[in-house]
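A closer look at the structure
So the chains spell out like this:
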Amino acid sequence: MEIYETKSALRAALPDLRAGGTLGLVPTMGYLHEGHLALIRAARASCDRVIASIYVNPTQFGDAEDLAKYPQDTDRDLALLRAECVDAVFLPDPDGMYDPAAQTIVETTELASRLMGALRPGHFRGVATVVTKLFNLVQPERAFFGEKDYQQLLVIRTMVRDLDMAVEITGVPTQREPDGLAMSSRNVRLTPAQRAAAPVIAASLDRAEAMLRSDPQTSVEALAAEIEAHLGSEPLARTESVDIQDAATLADLSGPLAGPAVILLAVRFDPVLLIDQRVVSPA
Ligand code: AMP
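Before going into details, it helps to say that this report is about the structure given with it. (Residues numbered from 1 in each chain as written. Predicted model: local features only at pLDDT ≥ 70, side-chain atom pairs only at ≥ 80, totals over all residues. Heavy atoms only, no water.)

Before going further, it helps to examine the site of the ligand. Taken together, 17 residues lie around the ligand, and Met29, Gly146, Asp149, Gln175 and Met183 are the ones closest in. One of the side-chain nitrogen or oxygen atoms of His36 is found 2.9 Å away from an oxygen atom of the ligand. Within the contact set of the ligand, an oxygen atom lies 2.9 Å away from a backbone nitrogen or oxygen of Gly146. Coverage of the ligand by the protein amounts to 92% of the 480 Å² it exposes when considered alone. Judged by its atoms lying within 2 Å of the grid points, the ligand is housed in the largest cavity. Of all elements in the fold, only strand 2 (23-28), helix 2 (34-46) and strand 5 (142-146) reach the threshold of two or more residues within the shell around the ligand. It is helix 2 that provides the largest number of residues to the shell around the ligand, a total of three residues. (Near = heavy atom within 4 Å. Polar contact = N/O pair within 3.5 Å; in protein donor to acceptor, adjacent residues only side chain to side chain. Areas by Shrake-Rupley, 256 points an atom, 1.4 Å probe, with all protein chains shown as cover. 1 Å grid on protein atoms, 1.4 Å probe; cavity = no way out; pocket = protein on both sides within 12 Å on 5 of 7 lines; lining within 4 Å. Sits in = over half its atoms within 2 Å of the grid points. Helix = DSSP H or I, 4+ residues; strand = E, 2+ residues; numbered from the N terminus.)

Below, the structure is given as C-alpha cells:
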C-alpha cells in the first residue's frame, strides 16, 4: 500500500495508479470504523484500484474546538486500510490541502443552506470544496460515500451533476453497532451513560417505520411527533432536529406520504452531536 503525504507525491504516482484500471476513491476524515470499511469494501468490489484519503478538513468545521477534538489514530487507520488491500492512501498534513491565499469555494446553494446546513452554516460548502479538490487531485472514476450523511451525499451528487464532474457517486448503507447505534467516529466521545442511551436514536426510527407499516396513511406530522416523543423520553438526549423530507430533493412534506421520504435526525448527547437517517416509503 502506497502512502502519499503531499499533493505532488500523489500527482507523480497518478499515471501508474490510473493505468491499473478503474480507480475508486473513498474520502474519510480518519479514525476508521466498520462504516468506513464498508465503503472501502464497496470500492474494492467494483474498482480495480482503490485509494482512500484521510484528511480532517478544517473548512467544514464551524467550531474550532470541535475540530481540535476530532479523534485521530493514523497508525491504526493505515493498518485497517492495509488489511482491506487498499492500493494507496492520500494523507496530506493539516496545512497541506489549502493554499494560504485560497479564495475559491464550491457551494450547492439551496441544498447547503437547508436542514443540517442551517444548523452548521458553511459546513456543506467546506465538504463540497474539499471533495472537489480530492476529485481534481485523484481523478477517480468512482467515489464512495455513506448514506448516513444523507444530505452530504445529495450535496455531492448535485455538485457532480451541476459541474459535469466525470465521477460516478455510489452511496453505501449506514453500518450500525449491534444495538442499532449508527457507527461514527464521534461515538468514542460519549460517556458510558450517553453511549448506553444513544441507541434511542435508531429506536425512534424503528418506531416511525413500524407506524408507517401499520398505517401507510400516517401523516408526516404524526411520524415526527412519535419520534420526538420517543427521543424526549431519554433524559440524556437533546433533540436538535427531526426532519422528514422528500428523499430525492429534501423538499418539505406534509400529510400522508406520496412517495419515498427520508427521516433525518440530529440529537445531541452534550456536547456530541449525533446524526442518523432512514428512507421510508408508504407502501
Ligand atoms: P467521515 O470520516 O466521518 O467523513 O466519513 C467518511 C465517509 O464514511 C462518509 O462518506 C460517511 O458518510 C461514511 N460513513 C461514516 N459513518 C458511516 C456508517 N456508519 N455507515 C456507512 N458509512 C459511514
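Now that the structure has been shown, the text picks up again.
Here we take up the sheet that holds strand 7 (residues 238-246). Within the open sheet, the three strands sit side by side as 7-8-9. Their pairing is antiparallel. Only two strands of the sheet have a single partner each, and these edge strands are strand 7 and strand 9 (272-280). In this sheet, adjacent strand axes meet at a mean angle of 15° when their direction is disregarded. (Pairing = 2+ DSSP bridges. Axes fitted to C-alpha atoms, helices over the stretch in contact; angles between N-to-C directions.)

Turning to the nonpolar core, a few remarks are in order. Counting 46 residues, the largest nonpolar core has Ile51, Phe135 and Ile169 as its most contacted members. In terms of residues, this core owes the most to one element, helix 7 (residues 123-138), which gives nine residues. Excluding its chain neighbours within four sequence positions, the residues that come into contact with Phe135 are Leu25, Pro140, Ala143, Phe145, Ile156, Met159, Val160, Met165, Val167 and Ile169. Leu181, Leu257, Ile263 and Val272 belong to the second largest nonpolar core, which has 26 residues in total. (Core = buried A, V, L, I, M, F, W, Y, C linked by side-chain atoms within 4.5 Å. Buried < 20%, exposed > 50% of the residue type's maximum accessible area, 1.4 Å probe, protein only. Contact = heavy atoms within 4.5 Å.)

Turning next to unusual backbone geometry. Here Asp270 and Pro271 are connected by a cis peptide whose omega angle stands at 5°. Tracing the backbone shows Pro271 in the loop between strand 8 (261-269) and strand 9. Positioned with a positive phi, Tyr31 is a non-glycine residue whose angle comes to about 55°. Structurally, the position occupied by Tyr31 is in the loop between strand 2 and helix 2.

What follows deals with the packing of aromatic side chains. By convention here, two paired aromatic rings are described through the distance between centres and the angle between planes. All told, the structure shown has two aromatic pairs when counted by the stated rule. Their ring planes at 70° and their centres at 6.4 Å tell us that Phe135 and Phe145 sit as a pair that is edge-to-face. Of this pair, Phe135 sits in helix 7 while Phe145 sits in strand 5, and the two are ten residues apart along the sequence. Given a relative accessible area of 4%, Phe145 falls into the buried group. The residue whose ring lies beneath Lys133 is Tyr98, and the NZ or CZ to ring-centre distance is 4.8 Å. (Phe/Tyr/Trp six-rings, centres within 6.5 Å; stacked < 30°, edge-to-face > 60°. Lys NZ or Arg CZ within 6 Å of the ring centre and 35° of its normal.)

In short, geometric facts, not functional conclusions.
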